[in-house]
Amino acid sequence: MNRWGKGLLIAALVGVVGMAFRVSWNALKDVATATGADETAATLYPFVVDGLMALALVATLVLTGDARRFALRVLAAYTLASLVLNYVHGLVPELHDKVVDWGRLADWDPANWALVLLATSLPVGSIYFGSDLVAKVLHHRPIEHPATTPNQDQSAETYVNRSTADLEVSAPAPITPPPAPAELPAAPAVSLVKPTDRVPAGAVAAESTRPRRATGRIPEVARSSRPARTADQLLIEARSATADWTDRELTAEGIRKAVRTSPAKARVLRETLRAEREPSAGTGEAAA
């Protein structure tokens with residue numbers, strides 16, 4: 001709808017509201033006169049009731065949340081009150097001729113008391129609710145939305161297009177990382193336990209977290225100059241070395257030092273020599 005159409009609609013609304021106020025003004029003025037208001041007060045009375053309805057309607061359009069619901073309640077309450085007073089004015093013809101008794105709006109006393117209380121309390125309610133609505137409207141802060149100007153939109157679009165064009169022309173090729181160097185083969189684990197040594201049952205070799213370096217061939221200088229001896233050669237050397245030993249002196253440690261061999265081989269030589277001496281010892285005792 002263009003501006004001219006909106007203006008025409010608002011003008012029609014103002015005209016309808018003005019005529020409706022004039023009709024209601026007549027009834028509310030007569031009711032105010034019946035409740036004891038003078039000429040000036042009776043003339044202003046319709047503005048108190050219907051005027052607050054207009055104020056509550058404007059506050060409803062401005063406020064939000066709980067404040068808007070409060071304005072709607074005020075609008076509904078004063079609309080209902082104006083409707084009741086206009087209805088009473090239509091039911092009591094005496095109000096039109098001003099011949100009704102002062103403070104008398106209905107024949108039934110309870111209904112009359114309620115109507116008089118309603119008519120006299122509306123001005124006080126207008127003071128309270130009108131002040132509250134005006135305060136809420138003045139302290140209301142509308143939610144601000146970030147607005148973008150056409151120049152900002154155009155500059156942002158130009159920047160995006162320029163960035164896209166630059167990327168298509170001067171974007172470098174992706175850099176591929178060099179392949180990781182191949183890992184060297186792990187060196188074979190060297191056992192520190194000799195095959196001939198006896199390992200206690202239940203013993204577990206400790207794992208070393210320190211990496212081992214690969215060992216090469218042992219140089220000739222570091223090798224032992226003594227040739228490897230067989231078991232028979234070791235037994236002959238042990239016999240000659242322990243020929244004059246007593247049985248008490250015939251120990252594995254003594255044999256190891258005498259023939260310079262390993263503890264395991266020394267124990268084997270000890271058992272062999274003891275076994276050889278036992279028959280000879282038994283023969284000597286029998287001869288005696």
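Everything below is about the structure shown above.
Residues numbered from 1 in each chain as written. Predicted model: local features only at pLDDT ≥ 70, side-chain atom pairs only at ≥ 80, totals over all residues. Heavy atoms only, no water.

Participant: Kindly report on the overall build of the protein chain, identifying the contributing residues and their values.
Facilitator: Helix and strand counts for the protein chain come out as nine helices and zero strands. Going from N to C terminus, the protein chain has its helices and strands arranged as α-α-α-α-α-α-α-α-α. Going through the 288 residues of the protein chain one by one, you find that 20% of them count as buried. Considering only contacts within the protein chain whose residues lie at least 6 apart along the sequence, 63% involve residues at least 24 apart. Accessible surface, the protein chain: about 22500 Å² in total, of which carbon and sulfur atoms supply 62%. (Helix = DSSP H or I, 4+ residues; strand = E, 2+ residues; numbered from the N terminus. Buried < 20%, exposed > 50% of the residue type's maximum accessible area, 1.4 Å probe, protein only. Contact = heavy atoms within 4.5 Å. Areas by Shrake-Rupley, 256 points an atom, 1.4 Å probe, with all protein chains shown as cover.)

Participant: Tell me what's going on with helix H8 (residues 252-259), and back it up with residues and numbers.
Facilitator: All buried positions along H8 are accounted for by Ala252, Ile255 and Val259. End-on, the buried residues of H8 take up no more than an arc of 65°, which puts them together on one face. The first or second residue beyond H8 is Arg260, which carries a positive phi of 55°. (Arc of directions from axis to C-beta.)

Participant: Quick rundown of the packing of aromatic side chains? Include the residues and the values.
Facilitator: Applying the stated criterion to the full structure yields four aromatic pairs. Centroid distance Phe21 to Phe47: 4.9 Å. Interplanar angle 50°. Geometry classified as tilted. With Phe21 in helix H1 (residues 3-34) and Phe47 in helix H2 (residues 39-62), the pair connects residues that are 26 residues apart, well separated along the chain. With relative accessibility at 23%, the residue Phe21 sits in the partly exposed group. You can call Phe47 partly exposed: its relative accessible area is 47%. Centre to centre, the rings of Tyr78 and Phe129 are 6.5 Å apart; their planes meet at 80°, and the pair counts as edge-to-face. (Phe/Tyr/Trp six-rings, centres within 6.5 Å; stacked < 30°, edge-to-face > 60°.)

The values are spatial; any link to function lies outside them.
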